Amino acid sequence: MSQKVIIRLSAGFAFICWLLYLFTDLFLLFSQSNDINSGIHEAIPTLMLNLFIASLYIYYRYKVNRVESVNFTDLLWNIFVTGLLATLVSLLLRIFVAALGSTTLAQNIFLIDTFYIINLGLVSIFLVAVFAVWKRLILYQKSKFLLKIWTTFEYTLMLSLVYNILPFKLPETYSLYYVILLVLMGLFLSVNMRWVAYLNFKQKWKSILLILLILLYLGYFGNTLFGNIDPEITITNTIWGNVFLVALIAFTFLYALFSLLVILFNLPTSSVFEQKLEEVLNFQRLSQSIQPDQSEGQVYQILLDSAVSAVMADAAWIELPREDGSTEYFQHQINDKEINQIKTYIDKNNITGVFDNNTDKSLKMEKHLAKLKGQGFKSILGFDITVQDKKIGTLALLKEVADGFDKETTNIIKTFVSQAEVSVENYRLLNQAIVNERYKEELKIAQKVQSSLLPDQLDANTDFDISAFSIAADEVGGDYYDSFRINKDKVILIIGDVSGKGTSAAFHMSQMKGVFQSLAQLDLTSKDFLAKANTAISNCLEKTSFITTTVFIIDQSTKTIEFSRAGHCPTLYYDSQEKTTTYFTNQGLGLGILRSDDFHQYIEINKQSYLPNDVMVLYTDGITEAQNRKGDEYGYDRLRDTIKAHINETPKTIQKRLIEDLYSFTGTEFIDDDYTTLILKFKEEPESI
Amino acid sequence: MIDIKTIKEDDILILNVVGDVDASSSIELDTALKAAIESKEGKILVDCANLNYISSAGLGVFMSYIQDIKANNIKLVICGLSEKVYNVFEILGLHQLLTIKSTTVDAKAYLNEV
């Protein structure tokens, strides 16, 4: 069954029960006064009354619980209206009786009984309504313990309904004990007044008024029911016998009285509570304020408002110097001219303790500020706003009373400021993260472009096989290798390393590629090649950058390698005839070191004739200078030994073993430099067809 | 990590380089060398006896002052290089453009030559 249906059914049932109560009671009275056996059991009217009350109870239980938002004054207002209607009806009946005067009708017991029963019904409605609301209030922010006590109380109260219709009579004193028990439980429950704390000043006044009126109704009804009833008139329903109603009146009255007193005593402190609540809300606003698409200005505005309301400042400003030298202001009850007056005065007179940290903030500023004509301020409090260890602005608060800021409020402002700082910092970090993300994307593109600069396939010769391997420490690197077929017999090969690593190295590497591709076509000697490359490169290299490189021109017709070294790591050569490995030691100078025509003096031309199974290993210093955890370098000896150990393998395999050995030496695959290796192995010339 | 102390001994400006010269610490080396060269002292001795490692960025610093030294007629000598560090200079070819002596005594003798 939905709640709506229950509410309607219970209302209808309550009305029917009340009617039945009225009629059975009247009938019983009639038959009694006429000495007729009515055939109705004496307990029937009371049973009907109890059923009526039980239905009312269900009705209000659902009705009050349906109210979703807990607005306490609204709840009180509801029962106030119920009470008002009930009292009005009851008063009308009284007026009617009074108007009858001492006519016989006024003495008619049936009429008096009817009125009494109507009154009883009205009281019951009002009491049950009050009870339901009191329940809601008492159980506001309930604990498990409280809920247990309440449930016990409620069941005990419900049981009293049954008590009334027991088929046998218990002594009057039992009822009294029962009432006392219920009242004691009610008293215990009446101390639960948490809801009062959440009323603001205005609501408290309203509640006081409403509760006073509710108390008035309760008094009036108490008076109507207990006061002027001639016990002889009503037979079946002496109210004193109704444990339920007596206990209910006592409980509702007690709680109303308690609430009234508690609200009254809470009135003076309510402004403090409201302020604290507002501080909490402000904190929340400060911490939630900036979304990526919003501006920092919002945070400063909230900070200003929060600070002003927290210390009840008469004026305030936030000053944010911009990068272009101008200043952004957020103001509250103060204009630019006044701000400047105060600032200049403080600067001029070297007053410490306002806008500098590490000093006592509670300085007496009265005598200083008094000198500023036209301004009524007598105390000032300043705070730095620091984001990412950088001061980005100041917050200043002004008051028209001397010594207006105490330690307590100073601390609150401090926390407000730090919360705002956190918000701004988060906002900035978030924006930075977005920018960084974009840079990362850009770098990925650069990486793609750069990897396309290194050839997939090197121009080989029928005389040799070649295998290349290159890894950059960052997204992009400065290592370079390339090859170019000059003619049928000659292939030019280059390996290079731009000093430094990362983006700047990568740019120079791409220049190197351009230089190589243009010069390679000219069929120069290796020395002239380097001399021209030096001239070309020197014009665009930074002052502290250089490029080391070695060029090889492999001539198939003469079975020779012509090579020149420009400061690059010495090439390792394996002579298959002698079974020896040597590093070529020849003179050279890095490109870009000497940016004049004298460069060629430092370059040599070297020649080496080759035989099948000779192996040539080109590499960059990322390999020889790779360090293990102890700080030892991979070194030339280890490189030579590794190559020698695998000399009979294919270039690809030799290379694989070399990289494996390198990683096992360093203990990691992440080497903090770009590293490259090119391995050539000469072979038998295939039978010419 | 690098620590450079500049001291004046008679008419020689001595730069004592201690530690590693990598990409970040090369800036300190650059500052010290620049100050030494701009001080218009005719004789500069860079003592690298306690230099453990030099990266290409560090070499770049030495390289960038070769022309300034020549233009200003400054006598600059590097001494005390470990075998490993000297090897790095040699491979790049810098030993042909910079005066490198094995000991401070040799270096001072070279500086005091007329």
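Because the structure is a prediction, the values reported are computed rather than measured. (Residues numbered from 1 in each chain as written. Chains lettered and ligands numbered in written order. Predicted model: local features only at pLDDT ≥ 70, side-chain atom pairs only at ≥ 80, totals over all residues.)

Our next topic: the overall build of chain B. The secondary structure content of chain B amounts to 5 helices and 5 strands. Across the 114 residues in chain B, those meeting the buried criterion constitute 39%. (Helix = DSSP H or I, 4+ residues; strand = E, 2+ residues; numbered from the N terminus. Buried ≥ 20, exposed ≤ 12 C-beta atoms within 10 Å, placed from the backbone.)

The next point concerns the overall build of chain A. When its secondary structure is counted, chain A shows 20 helices and 14 strands. Counting across all 689 residues of chain A, residues that qualify as buried make up 35%. Within chain A, residue pairs in contact and separated by at least 24 positions form 72% of the contacts whose partners lie at least 6 positions apart. (Contact = placed C-beta atoms within 7 Å.)

Glancing now at the packing of helix H19 (residues 635–645) of chain A against helix H20 (residues 651–666) of chain A. Residue and element names in this part refer to chain A. The N-to-C vectors of H19 and H20 enclose an angle of 140°; their axes lie 9 Å apart at closest approach. Of the possible angle classes, the one that applies to H19 and H20 is oblique. Crossing handedness for the pair H19 and H20: right-handed. Across the interface between the two elements, Arg638, Thr642 and Ile643 from H19 touch Ile654, Arg657, Leu658, Asp661 and Phe665 from H20. Residues belonging to the contact of H19 with H20 are distributed by class as follows: 4 nonpolar, 1 polar and 3 charged. (Axes fitted to C-alpha atoms, helices over the stretch in contact; angles between N-to-C directions. Parallel < 35°, antiparallel > 145°, perpendicular 65-115°, else oblique. Left-handed = near helix turned anticlockwise from the far one by under 90°. Nonpolar A, V, L, I, M, F, W, Y, C, P; charged D, E, K, R; others polar.)

Turning to the interface of chain A and chain B, a few remarks are in order. Across the contact, 16 residues belong to chain A and 13 residues belong to chain B. In terms of residue class, the side of chain A that touches chain B is made up of 7 nonpolar, 8 polar and 1 charged.

Within chain A, residue pLDDT values average 85, and 92% of them lie at 70 or more. Overall, residues 231–237 of chain A carries pLDDT values under 50, and its contacts beyond four positions in sequence, including any with other chains, amount to 19 contacts. (pLDDT = per-residue confidence, 0-100.)

So, about the environment of Glu296(A). Locating Glu296(A) in the fold gives a position in helix H12 (residues 296–311). Separated by 132 residues in the primary sequence, Glu296(A) and Arg428(A) place their C-alpha atoms 8.9 Å from one another.

Excluding glycine, residues mostly carry a negative phi; peptide bonds, for their part, are mostly trans. Residue and element names in this part refer to chain A. Non-glycine residue glutamine 388 carries a positive phi angle of around 50°. Along the chain, the position of glutamine 388 falls in the loop between strand S3 (379–387) and strand S4 (390–399). Since 11 C-beta atoms lie within 10 Å of it, glutamine 388 is described here as exposed.

On to the sheet that holds strand S4 (residues 75–79) of chain B. Residue and element names in this part refer to chain B. An order of S1-S2-S3-S4-S5 is seen for the 5 strands of this open sheet, with the pairing classed as mixed. Every interior strand has two partners, whereas the edge strands, strand S1 (2–9) and strand S5 (99–101), have only one. Taken pair by pair, the neighbouring strands of this sheet meet at an average axis angle of 20°, ignoring direction. By the bridge criterion, 3 bridges tie S4 to S5 in an arrangement that is parallel. Bridged to cysteine 79 within S5 is lysine 101. Along the sheet, helix H5 (residues 104–112) makes contact with strand S2 (12–21), strand S3 (43–54), S4 and S5, crossing S4 at roughly 170°. (Pairing = 2+ DSSP bridges.)

Next up on the list: the sheet that holds strand S14 (residues 675–682) of chain A. All names here are of chain A. The strand order S5-S14-S13-S10-S11 describes an open sheet built from 5 strands, whose pairing is antiparallel. The two strands at the open ends of the sheet, each matched to only one other strand, are strand S5 (464–471) and strand S11 (580–583). Taken over all neighbouring pairs, the strand axes of this sheet differ in orientation by 15° on average, direction set aside. Pairing analysis gives 4 bridges linking strand S10 (residues 572–575) to S11, with the strands arranged antiparallel. For leucine 572, the partnering residue across the bridge sits in S11 and is tyrosine 583.

Residues and elements named next belong to chain A. In terms of strand pairing, strand S1 (residues 315–321) meets S4 through 5 bridges, oriented antiparallel. When the sheet's bridge partners are listed, glutamate 319 is paired in S4 with threonine 394. Here S3 folds back onto S4, and the loop between the two strands holds 2 residues, one of which, glutamine 388, carries a positive phi near 50°.

Residue and element names in this part refer to chain A. Given a rise of 1.5 Å per residue, 29 residues ought to cover 42 Å, and the 42 Å separating the end C-alpha atoms of helix H3 (residues 72–100) matches this to within 8%. Of all the residues in H3, the buried ones are Phe72, Leu75, Leu76, Ile79, Phe80, Thr82, Gly83, Ala86 and Ser90. Positive phi appears at glycine 101, one or two residues downstream of H3, with a value of about 65°. (Expected span 1.5 Å × (residues − 1).)

With that settled, consider the environment of Tyr174(A). Mapped onto the fold, Tyr174(A) is located in helix H7 (residues 172–189). Taking the C-alpha atoms as reference points, Tyr174(A) and Val243(A), separated by 69 residues in sequence, lie 9.8 Å from one another.

For the rest of this paragraph, the subject is the packing of helix H1 (residues 3–33) of chain A against helix H5 (residues 109–138) of chain A. When two helices pack together, their arrangement is given by the angle between the helix axes and by the axis-to-axis distance. All names here are of chain A. At a minimum axis separation of 10 Å, H1 and H5 run at an interaxial angle of 155°. Taken together, the axes of H1 and H5 are roughly antiparallel relative to one another. When you trace H1 past H5, the crossing you get is right-handed. Mapping the contact onto sequence places Trp18, Tyr21, Leu22, Asp25, Leu26, Leu29 and Ser33 in H1 and Ile109, Phe110, Asp113, Thr114, Ile117 and Gly121 in H5.

Moving on to helix H11 (residues 270–288) of chain A. Residue and element names in this part refer to chain A. A rise of 1.5 Å per residue sets the reference length of H11, with its 19 residues, at 27 Å; its end C-alpha atoms lie 27 Å apart and thus fit the reference within 8%. Where H11 is concerned, the buried positions are Ser270, Asn282 and Leu286. Looking down the long axis of H11, one finds its buried residues gathered within 145° of arc, a one-sided arrangement. Projecting away from the buried face of H11 at angles above 90 degrees are the exposed residues Lys276, Val280, Leu281, Gln284 and Gln288. (Arc of directions from axis to C-beta.)

A low pLDDT score tells you not to read the predicted coordinates there in detail. Residues and elements named next belong to chain B. Overall, the predicted model of chain B reaches an average pLDDT of 89, with 100% of residues at or above 70. Looking at the elements of chain B, mean pLDDT is at its lowest for S1, recorded as 87, and at its highest for S5, recorded as 93. As a predicted assembly, this complex carries a pTM of 0.57 together with an ipTM value of 0.91.

Another point: the pairing of S10(A). Residue and element names in this part refer to chain A. Residues Leu572 and Tyr574 of S10 are buried on one face, while the alternating residues Tyr573 and Asp575, pointing to the opposite face, are not. Between S10 and S11, which pair antiparallel in sequence order, lie 4 residues; one of them, lysine 579, sits at a positive phi of approximately 55°. In this structure, S10 lies alongside strand S13 (residues 615–619), joined through 3 bridges in antiparallel fashion. Paired with tyrosine 573 across the strands is methionine 616, a residue of S13.

Turning our eyes to something else, we now look at the environment of Asp479(A). Residue and element names in this part refer to chain A. Along the chain, aspartate 479 turns up in strand S6 (residues 479–485). The exposure class of aspartate 479 is buried, given the 26 C-beta atoms found within 10 Å. Taking C-alpha positions, aspartate 479 is 9.8 Å from serine 510, a pair spaced 31 residues apart along the chain. The contact partners of aspartate 479, leaving out residues within four places of it in the chain, are Ser470, Ala472, Asp497, Thr620, Asp674 and Thr676.

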